[in-house]
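Geometric and topological summary
The residues making up each chain are set out below.
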Amino acid sequence: MTRSFTIDYSDDVLLALRLSPDEFREEAKILIAVKLYEMGRLSTGAAAELANVPKPLFLTKLADYGVDTFDMSKEELQHDLASARRHL
């Protein structure tokens, strides 16, 4: 089942952003998906689906909005590197 909702905005928003209504709608979908991914609420695949874009494009959008796709602590990274070296 697909659901939708409406966001009310004035033409001033479109003028400030220099976007058409269609461009604003598409950007808003991506922004919502990016934020939900950043908060850890959606996976990249689910967020891409919400934004209605292919996953590789969504991953590039994350970078456009300053959201890291690589989310590991220093300790986790060191552990993975040590484990990988043992298997070489």
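Above this text you will find the structure in question.
So, here is what we can say about the structure in this document.

Basis of the calculations
Residues numbered from 1 in each chain as written. Predicted model: local features only at pLDDT ≥ 70, side-chain atom pairs only at ≥ 80, totals over all residues. Heavy atoms only, no water. Helix = DSSP H or I, 4+ residues; strand = E, 2+ residues; numbered from the N terminus. Rg over C-alpha atoms; globule rule 2.2 N^0.38 Å. Buried < 20%, exposed > 50% of the residue type's maximum accessible area, 1.4 Å probe, protein only. Contact = heavy atoms within 4.5 Å. Areas by Shrake-Rupley, 256 points an atom, 1.4 Å probe, with all protein chains shown as cover. Lys, Arg positive; Asp, Glu negative; His and termini not counted. Charge placed at Lys NZ, Arg CZ, Asp CG, Glu CD. 1 Å grid on protein atoms, 1.4 Å probe; cavity = no way out; pocket = protein on both sides within 12 Å on 5 of 7 lines; lining within 4 Å. Points joined across faces, edges and corners; volume = space filled by probe spheres on them. Nonpolar A, V, L, I, M, F, W, Y, C, P; charged D, E, K, R; others polar. Salt bridge = Lys/Arg side-chain N within 4 Å of Asp/Glu carboxyl O. Phe/Tyr/Trp six-rings, centres within 6.5 Å; stacked < 30°, edge-to-face > 60°.

1. Quick notes on the overall build of the protein chain
Across its full length, the protein chain holds five helices and zero strands. Along the protein chain, helices and strands appear, N-terminal first, in the series α-α-α-α-α. Taking 88 residues into account, the globule formula puts the C-alpha radius of gyration at 12 Å, and the protein chain, at 18 Å, lies well above it. Residues classed as buried in the protein chain amount to 18% of the 88 residues present. If you take every contact in the protein chain between residues at least 6 apart in sequence, the share linking residues at least 24 apart comes to 29%. For the protein chain, the accessible surface area stands at approximately 7,200 Å², while carbon and sulfur atoms represent 54% of it. Positive and negative side-chain charges of the protein chain, numbering 11 and 15 respectively, have mean locations separated by a distance of 6 Å.

2. Some points on the layout of surface pockets
Reported here for the largest pocket is a volume of approximately 580 Å³. As for the largest pocket, its lining consists of 16 residues, and the residues nearest its centre are Ser4, Phe5, Arg25, Lys29 and Ile32. Only α2 (21-38) and α3 (44-51) provide two or more residues apiece to the lining of the largest pocket. By residue number, the principal contributor to the lining of the largest pocket is α2, which donates six residues. When its residues are assigned to classes, the lining of the largest pocket shows eight nonpolar, four polar and four charged.

3. A look at the pattern of salt bridges
Pairing is possible between side chains of opposite charge, provided their charged atoms come close. Inspection of every chain in the model, using the stated rule, returns three salt bridges. When the shortest N-O distance is used, the salt bridge between Arg25 and Asp22 registers 2.1 Å. Within this pair, Arg25 and its partner Asp22 are both found in helix α2, separated by three residues, close to a single helical turn. A salt bridge links Lys35 to Glu38, with the nearest nitrogen and oxygen atoms 3.1 Å apart. Of this pair, Lys35 and Glu38 both sit in helix α2, three residues apart, roughly one helical turn. Of the residues examined, Glu38 reaches a relative accessible area of 44% and is grouped as partly exposed.

4. Regarding the packing of aromatic side chains
A complete count under the given rule lists two aromatic pairs for this structure. Here Tyr37 and Phe58 contribute two aromatic rings whose centre-to-centre distance is 6.3 Å and whose plane-to-plane angle is 85°, an arrangement assigned as edge-to-face. Of this pair, Tyr37 sits in helix α2 while Phe58 sits in helix α4 (residues 55-64); the two residues are 21 residues apart in sequence, bridging distant segments of the chain. Each member of the pair, Tyr37 together with Phe58, is buried.

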